[in-house]
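Coordinate inspection notes
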Amino acid sequence: MMTGLTALDVQQNKSVLQVWLNRPAARNSLSATLVSELDGLFTGLASRPDVRTVVLRGRGGHFCAGADLKEMAEARAAGADGVGSDPFAVLNRALGTLLQRVEAAPQVVVAVCEGAVLGGGLGLACTADITLVEADAQLGLPELTLGLPPAQIALFLVARLGLSQARRLALTGARFDGRQAAALGIAHAAYAGTAALEQGLAETLAAIARCAPGAIATTKQLLRTIGTVPTSALLDQAAALFAAAARGDEAAEGAVAFAEKRKPRWNDWNDPEQP
């Protein structure tokens, strides 16, 4: 586990890692430090089999208000040195790298969104495997209203929504609430109030816990590959992965647990639907 974090608050409960963006005074805006700490955390998660679910959320009632405008002003004042190290480009590309790491994590990533979910915060919501949102949360892409393109976010927004809706939202600087986010498909469920949101999270964590961690990682790998290789090659790869899984320890444990009418040993979460 990472130590010396200043912009994150990280807590582990069984196989669930709770990762809080912890800059509440700045509505958890994406400072270089926060982005770097998140990037380092997700880099390390690639070798953390004890973590099967990552919950991303924000302290202080807001998920993430987007870019840190103070750092952007400092980058503007610094200027560019003309040799490819423009501080604006460096800051922006670091966000894209982080979004790639979140999307590629072998664990299930759950984003719990309240309050402001803007710009890069919306990008994080779009890279999570499961996004739960409070109904009154405020989401949007304000970049164009500030004279900026949503440069690193656009790719992930298109992947989430398709090109047509991504165009509409990005090119109007749209703002919308959690209910609209769920209707669009950015969020998977919207909840009226904190209690309902917490209950939705608890149910989601219990559902994930029923699923084998290795099978989760394999499924995520397959889903990311769709559309990047020819269909026949993808189906060949899927068959090989299926055969390896069927001969593996998880499938054996799953079959025995089913026969014995008990929870599989990987299920370490409170699950009222299981014996």
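Structure's up top.
With 47 residues, the main nonpolar core has L38, F42, L124, L139 and I186 as its most contacted residues. Only β2 (16–21), α1 (32–45), β3 (53–58), α3 (87–104), β4 (108–113), α4 (120–127), α5 (154–161) and α6 (163–172) provide two or more residues apiece to this core. With six residues, the top contributor of residues to this core is α1. Here L38 is in contact with L8, V19, L21, L56, L98 and L124, once residues within four sequence places are set aside.

As paired elements, strand β1 (residues 8–13) and β2 share six bridges and run antiparallel to each other. Residue pairing across strands places N13 opposite V16, the latter belonging to β2. In textbook terms, the turn of a hairpin is the stretch between consecutive antiparallel strands, and for β1 and β2 this stretch comprises two residues, one of which, K14, has a positive phi near 55°.

Taken together, L69, L146 and L148 make up a surface patch of nonpolar side chains, about 280 Å² in accessible area. Owing to a relative accessible area of 54%, L146 belongs among the exposed residues under this scheme.

Moving on: the packing of helix α9 (residues 213–225) against helix α10 (residues 231–246). Following both chains from N to C, one finds α9 and α10 inclined at 180°, their axes separated by 11 Å at the closest point. With respect to each other, α9 and α10 are oriented roughly antiparallel. Residues T218, Q221, L222 and T225 of α9 form the contact with α10, whose participating residues are L234, Q237, A238 and L241. Split into classes, the residues belonging to the contact of α9 with α10 amount to four nonpolar, four polar and no charged.

All right, on to the side chain of E134 then. As for its placement among the helices and strands, E134 is situated in strand β6 (residues 130–134). The buried charged residue E134 lacks any salt bridge, with R179 as its nearest oppositely charged partner at 6.6 Å. There is a polar contact of 2.8 Å between the side chain of E134 and the backbone nitrogen of D136. At 3.0 Å, the side chain of E134 forms a polar contact with the backbone nitrogen of G193. Leaving out residues up to four positions away in the same chain, E134 has contacts with C113, E114, G178, Y191, A192, G193 and L197.

Conventions used here
Residues numbered from 1 in each chain as written. Predicted model: local features only at pLDDT ≥ 70, side-chain atom pairs only at ≥ 80, totals over all residues. Heavy atoms only, no water. Core = buried A, V, L, I, M, F, W, Y, C linked by side-chain atoms within 4.5 Å. Buried < 20%, exposed > 50% of the residue type's maximum accessible area, 1.4 Å probe, protein only. Helix = DSSP H or I, 4+ residues; strand = E, 2+ residues; numbered from the N terminus. Contact = heavy atoms within 4.5 Å. Pairing = 2+ DSSP bridges. Patch = residues over 30% accessible without salt bridge, like charges linked within 9 Å, V, L, I, M, F, W, Y side chains within 5 Å. Areas by Shrake-Rupley, 256 points an atom, 1.4 Å probe, with all protein chains shown as cover. Salt bridge = Lys/Arg side-chain N within 4 Å of Asp/Glu carboxyl O. Axes fitted to C-alpha atoms, helices over the stretch in contact; angles between N-to-C directions. Parallel < 35°, antiparallel > 145°, perpendicular 65-115°, else oblique. Nonpolar A, V, L, I, M, F, W, Y, C, P; charged D, E, K, R; others polar. Lys, Arg positive; Asp, Glu negative; His and termini not counted. Polar contact = N/O pair within 3.5 Å; in protein donor to acceptor, adjacent residues only side chain to side chain.

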